Amino acid sequence: MPNEGNRVDGRNAPRRRPRFLHRRPQQPPPHDTTALSRRGLRFLRARRPVLVRLAAWSVLETGQTFLVGYGLARALDAGFLVGRGGVGLAWLGVAGVGVVVGAFGTGRVYRGVADLVEPLRDLLVARVVARGVRKADGGALSSLTQQVELARDTFAGLVMVSRSFVFTAVGALAGLFSLDPLLLLVVAPPLVAGVCLFTATLRPLARRQETFLLADEALADRLGTVCPGLRDITAAGAGERVAVDTGHLVDAELRAARALARWGVLRVAALAIGGQLPIVLLLATAPWLLGHGVTPGALVGALAYVTQSLLPALQNLVHGLGTSGSRLAVVLRRLAPPSPSGSPPTVLHLAAPPPDDPALPRGTRLAVVDTGGTPTTVTHPASQPAGEPAPPDTNPPALSLTSVTFAYGPASAPVLRDLTLALPQGAHLAVVGPSGIGKSTLTALAAGLLKPGHGTIRMYGRPVSETVAQRVLIPQEAYVFSGTLADNLSHLRPDPVPEAELLAAAEAVGLAPLLETLGGPDSPVDPAALSAGERQLIALTRAYLSHAPLALLDEATCHLDPEAEERAERAFARRERSGAALVVVAHRISSARRAHRVLVMDGQDTALGTHGDLLRRSPLYRELVGSWSSEPALALGDTDRVDAVAGSGLAGDGRHVVAHGPVGQVQAPGDLRDGGPLGGQG
C-alpha cells in the first residue's frame, strides 16, 4: 500500500494533484549536542587499546617531523656552511630516513584508523537496520547506503587530521626547542593563539555550517519538486505563490551563507595567526635571533618546521574539523535517536464546526494545537448544567485520537503531533491535502497498522488494538487473490455469505456488471486479468460485506470514474451498520462535496469544515479545488480527469482511460494490469 510509511514525502505514490503542492521541506528536529558528545566519548573509551596502538604508530610521524627540521639545521651548521659536504649529506640522509620511517608509520596508522572507524560503521548499520525493521522507517535504505558511509568516511578523515596535527605539532615544537629555545619563543605564542581562536569558534561555526547544510538541502528538495511541475504551476496560476515560497527558502540559505561567511573570517584569521604569522615573525626577528646565538641552520630549520609541518597540519585541521566535523554532526544526529524533548511539532489546527451547523452530531471534539505543542480541545457538546459531572458516554465516537504523535523513525520530524480528533458515529469525513502531508498515515493509524509514538487511539470507546473486527481499510492498491469471486467477496466474513446478500452488495457498490461479465459469484478470478478499477470494485464490495462499522477508504476509488466512485461512496455512507462511519481520503472534488465535513491537512494551516466554508477560509483548499477542477477535460468530457476505467458499463466499455496517465492516453480493455506499458497501477 503506497503511503507515507514508504516515503515520508509521498512522492513514491502517483497522485492527481500538481507536484508544487507537495509539503514544504521541514527542518529536522534539534538534538542534544551534549548527549551526542557523551555517546562519542563512550565509544572512544570502549576502544582504548585501539587508540593506544594508533598513538604508538603516530610517534613515528613525530620522529619524521623532528628529523626533517633538525637534520636540515645540522646539515647547514655542521656541514655545508663549514665546508664539510659529507657531513651535510649525511644529515640530509638522516632526514630522508626519517621520512621513510614516517611513511611506514603512516601505513600502520591507516590500519589503526580502520580498527577505530569500522566498529562505528557497524554500530550505525545495526541501529539503522533495527530502526527500519521495528519503526517502519522508510528512510532506512537511504540512511544505510548514504548517510552511514558518509559518517564513516568523515569520521576517518577527522581522526586522521586531528591525530596528524597533534603529533606533527609535538615533533615540530620539540625540534624548535632542541635547535634553540628562542625559536620556540617566537613560534609557539602565535601558534597557540591561532589554535585557541579556532577552538573558540568551532562550536558556533559548526552550528552555522549545519544551518547552511539544512537550508541548502531544503532548497534543493523544493527545486526538485517545483522544476518538473512548472507546466502545472503555470496552468494552475500558482506561479506567484510558488515564487514566494521558493524565495523564502532562497533567502533562508542566503542568511545562513552570510552567517557562515562571517564566522569563516575568524577561521581564516586563526589560520593566519597560527600558521603564517610565525613565518613573518621568524623573518622579522632574524637579525635579533642571529645576534643572540641562533645559528643560520637553526633559523632555516625553524622555517622548515613552520612551512613544511605546522602550517600544512594546521590547514588540514581547520578545514577538516571546521567543515567535515559539522557534516559528521549532522549525519550522526540524523542517525541517532532524538532526545525526548527534541521534536518540533507538525502542528494541526483543526477548526471546530459552527455551533448552529447540524451536519455532524453534537459531541464532535476537535483539537486546536498551538505551535508550542499544547493542545486546546474545542468541544461542541450537548447542553449541560454548569457544575454537574458529565454523564457516562453511552454513544462513544466511532474513532477518537487523543494527543497522538507519530513519526517515521526516531530521528524524523513528526507527521502528526498532539492530534486530538473525534469522529462521531454516523459521520462522513473526507480527508484532503498535498501529497505526503500524512493522509495515509492518519488512516493507517486509525486502522491499527501503525502505532503512535505518543497518545491513544480508540474506536467505539475501546483501544484500537482490540477492535480489529470494527474497522476495515481499503487501500489504493486493491488486493484480489486467485479463487472464485465469492471467495474474494466473503473473505472478511467468518461464515459464508448468502448469495442474495452478495448480489445485493454488488448491486449497491456497482460490481454487478463485472460480476455478470465474469459469470457469477462462483466464477474463478484471475487477478492479473483484471484492471486496477475492477480490482478496486471487488475490494470495495468485500469491505461493504464485512460487519465492520467503520470504513476507511484510502484513495480506494482512484481508478473508478466519477459516477462509479459516487455510487460506491454513497453505498458505504448508507450502510446499515450500528454506529457506521466513513472516512474517505479524497482525490476528487466530488468526494469532498459529498462528505459531511472535509479535513484539509496542511501542517500548521489545517482546517475542517464544510465544502463551502472551506472555500471561503482555506487558501489550500481553494488551490486544491482549482487544481482538481481546472485540468483539461478528456475526450469524453470528464472534468475530474478520469474517464471510464471501471464504470457501470464496464463490460461494454470499448476503451479504458488510465487514471494516472497523460491526458487522453487510452488502452484497450485487459491491458490495465501490473507491469503494463503505463506502469499499471494495479
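The structure displayed is predicted, hence computed values, not measured ones. (Residues numbered from 1 in each chain as written. Predicted model: local features only at pLDDT ≥ 70, side-chain atom pairs only at ≥ 80, totals over all residues. Heavy atoms only, no water.)

### Details of the overall build of the protein
Thinking step 1. Looking only at helices and strands, one finds 18 helices and 16 strands in the protein.
Thinking step 2. Put simply, the protein has 682 residues, and 49% of those count as buried.
Thinking step 3. For the protein, the proportion of contacts with a sequence separation of at least 24, taken over those separated by at least 6, is 74%.
Thinking step 4. Accessible surface computed for the protein: about 30,100 Å², of which carbon and sulfur atoms make up 60%. (Helix = DSSP H or I, 4+ residues; strand = E, 2+ residues; numbered from the N terminus. Buried < 20%, exposed > 50% of the residue type's maximum accessible area, 1.4 Å probe, protein only. Contact = heavy atoms within 4.5 Å. Areas by Shrake-Rupley, 256 points an atom, 1.4 Å probe, with all protein chains shown as cover.)

### Some details on helix α7 (residues 239–284)
Thinking step 1. With 46 residues, α7 extends 62 Å from end C-alpha to end C-alpha; this agrees with the ideal 68 Å at 1.5 Å per step.
Thinking step 2. At Q276, α7 shows its maximal kink, close to 40°; a proline, P278, follows between one and four residues later. (Expected span 1.5 Å × (residues − 1). Bend = angle between axes of the 7 residues up to and from the residue.)

### Details of the packing of aromatic side chains
Thinking step 1. Considering all chains together, one arrives at seven aromatic pairs under this definition.
Thinking step 2. Ring geometry for F406 against Y408: centres 4.7 Å apart, planes inclined by 90°, an arrangement best described as edge-to-face. Y408 shares its class with F406; the two are buried.
Thinking step 3. Between Y544 and F572, the aromatic rings sit 5.8 Å apart at their centres with planes inclined by 90°, giving edge-to-face as the arrangement. With Y544 in helix α14 (residues 532–545) and F572 in helix α15 (residues 562–573), the pair connects residues that are 28 residues apart, well separated along the chain. An identical accessibility class is assigned to Y544 and F572; each is buried.
Thinking step 4. Every member of this aromatic cluster is reached through a ring pair, and the members are F66, Y70 and W91.
Thinking step 5. Above the ring of W57, the side-chain terminus of R108 is found at 6.0 Å from the ring centroid. (Phe/Tyr/Trp six-rings, centres within 6.5 Å; stacked < 30°, edge-to-face > 60°. Lys NZ or Arg CZ within 6 Å of the ring centre and 35° of its normal.)

### Here's the deal with the environment of L317
Thinking step 1. Residue position: L317 is located in helix α9 (residues 296–335).
Thinking step 2. Expressed as a C-alpha distance, the spacing of L317 and V166, which sit 151 residues apart in the sequence, is 9.6 Å.

### What to know about the sheet that holds strand β11 (residues 550–554)
Thinking step 1. Spatial strand order, β8-β11-β12-β5-β13-β14: six strands in an open sheet with mixed pairing. A single partner strand is all that each edge strand has here, and the edge strands are β8 (471–474) and β14 (607–609). This sheet shows a mean twist of 15° between the axes of neighbouring strands, independent of strand direction.
Thinking step 2. Inspection of the sheet shows strand β5 (residues 428–432) paired to strand β13 (residues 597–600) by four bridges, in the parallel sense. Looking at the pairing, V432 lines up with V600 of β13.
Thinking step 3. Packed on one face of the sheet, helix α10 (residues 439–446) meets β5, β8, β11, β12 (581–585) and β13 and runs near 150° to β11.
Thinking step 4. Relative to the sheet, α15 contacts β5, β8, β11 and β12, its axis offset from that of β12 by approximately 150°. (Pairing = 2+ DSSP bridges. Axes fitted to C-alpha atoms, helices over the stretch in contact; angles between N-to-C directions.)

### A look at unusual backbone geometry
Thinking step 1. Despite not being glycine, Y460 has its phi angle at roughly 55°, a positive value.
Thinking step 2. Relative to the helices and strands, Y460 resides in the loop between β6 (454–459) and β7 (462–463).
Thinking step 3. For E555, which is not glycine, the phi dihedral falls at a positive 50°.
Thinking step 4. Overall, the relative accessible area of 0% leaves E555 in the buried class.

### Some details on the pattern of salt bridges
Thinking step 1. In total, this model carries 14 salt bridges according to the counting rule given.
Thinking step 2. For E61, the salt bridge identified is with R163, shortest N-O distance 2.9 Å. Of this pair, E61 sits in helix α2 (residues 48–77) while R163 sits in helix α4 (residues 140–179), placing them 102 residues apart in sequence.
Thinking step 3. Residue classification places R163 among the buried residues on the basis of a relative accessible area of 7%.
Thinking step 4. Connected through shared salt-bridge partners, R222, R241, D245 and E623 make up one network. (Salt bridge = Lys/Arg side-chain N within 4 Å of Asp/Glu carboxyl O.)

### Structural notes on the nonpolar core
Thinking step 1. I474, I538, L540, L553 and F572 are the most contacted members of the largest nonpolar core, which totals 35 residues.
Thinking step 2. Contributions of two or more residues to this core are made by β8, α11 (485–489), α12 (499–509), α13 (512–518), α14, β11, α15 and β12.
Thinking step 3. Ranked by residues supplied to this core, first place goes to α14 with seven residues.
Thinking step 4. Beyond its immediate stretch of four places on either side in the chain, I474 contacts A539, L540, A543, L552, L553, D554, A556 and F572.
Thinking step 5. L423, A427, L442 and L599 belong to the second-largest nonpolar core, a separate cluster that totals 33 residues. (Core = buried A, V, L, I, M, F, W, Y, C linked by side-chain atoms within 4.5 Å.)

### Some remarks on α10
Thinking step 1. With eight of eight residues buried, α10 is to be regarded as a mostly interior element.
Thinking step 2. Buried within α10 we find K439, S440, T441, L442, T443, A444, L445 and A446.
Thinking step 3. Directly beyond the C-terminal end of α10, a positive phi value near 80° is found at G448.

### Focus: a nonpolar patch on the surface
Thinking step 1. Taken together, the side chains of F80, L89 and L92 make up a nonpolar region of the molecular surface, amounting to roughly 270 Å² of accessible area.
Thinking step 2. Mapping F80 onto the fold places it in the loop between α2 and α3 (85–134). (Patch = residues over 30% accessible without salt bridge, like charges linked within 9 Å, V, L, I, M, F, W, Y side chains within 5 Å.)

### A word on a positive patch on the surface
Thinking step 1. There is a patch of like positive charges on the surface, built from R38, R42, R45, R48 and R127.
Thinking step 2. When residues in the positive patch are grouped by element, the largest group, three residues, is from helix α1 (residues 33–45).
Thinking step 3. Along the polypeptide, R48 turns up in helix α2.
Thinking step 4. The class of R48 is partly exposed, set by a relative accessible area of 49%. (Lys, Arg positive; Asp, Glu negative; His and termini not counted. Charge placed at Lys NZ, Arg CZ, Asp CG, Glu CD.)

### Some words on the side chain of H611
Thinking step 1. Position of H611 relative to the elements: it lies in helix α17 (residues 611–617).
Thinking step 2. Apart from the residues within four sequence positions on either side, H611 is in contact with I589, R593, V598, Y621 and V625.

### A look at the packing of α14 against α15
Thinking step 1. Axis separation between α14 and α15 bottoms out at 11 Å; the angle between their running directions is 10°. As summarised for this structure, α14 and α15 are arranged roughly parallel, according to the angle between their axes. Across the interface between the two elements, L540, A543 and Y544 of α14 pack against A568, A571 and F572 of α15. (Parallel < 35°, antiparallel > 145°, perpendicular 65-115°, else oblique.)

### Let's talk about the pairing of β6
Thinking step 1. Sheet topology places strand β3 (residues 399–406) next to β6; four bridges connect them, and they run antiparallel. Across the sheet, T405 pairs through a bridge with H454, a residue of β6.
Thinking step 2. The sheet contact formed by β6 and β7 spans two bridges and is antiparallel. Note on β7: the bridge partner recorded for R458 is P463.
Thinking step 3. Where β6 folds back onto β7 in an antiparallel hairpin, the turn is made up of two residues, including Y460, whose phi is positive at roughly 55°.

### Here we look at the confidence of the model for the protein
The predicted coordinates should not be examined in detail at positions where pLDDT is low.
Thinking step 1. Residue-level pLDDT values for the protein average 75, and 73% of them are 70 or greater.
Thinking step 2. In the predicted structure, residues 1–32 sits below a pLDDT of 50 and forms 117 contacts with residues beyond four places in sequence or in another chain. (pLDDT = per-residue confidence, 0-100.)

### Concerning the environment of G438
Thinking step 1. Its location among the elements puts G438 in the loop between β5 and α10.
Thinking step 2. Along the chain, G438 and D602 lie 164 residues apart, while their C-alpha atoms are 8.9 Å from each other.

### Considering the pairing of β3
Thinking step 1. Where burial is concerned, most of β3 is hidden: seven out of the eight residues are buried.
Thinking step 2. Pairing of β3 with strand β4 (residues 416–423), which is carried by five bridges, proceeds in the antiparallel orientation. Across the sheet, residue V404 finds its bridge partner in β4, namely L419.

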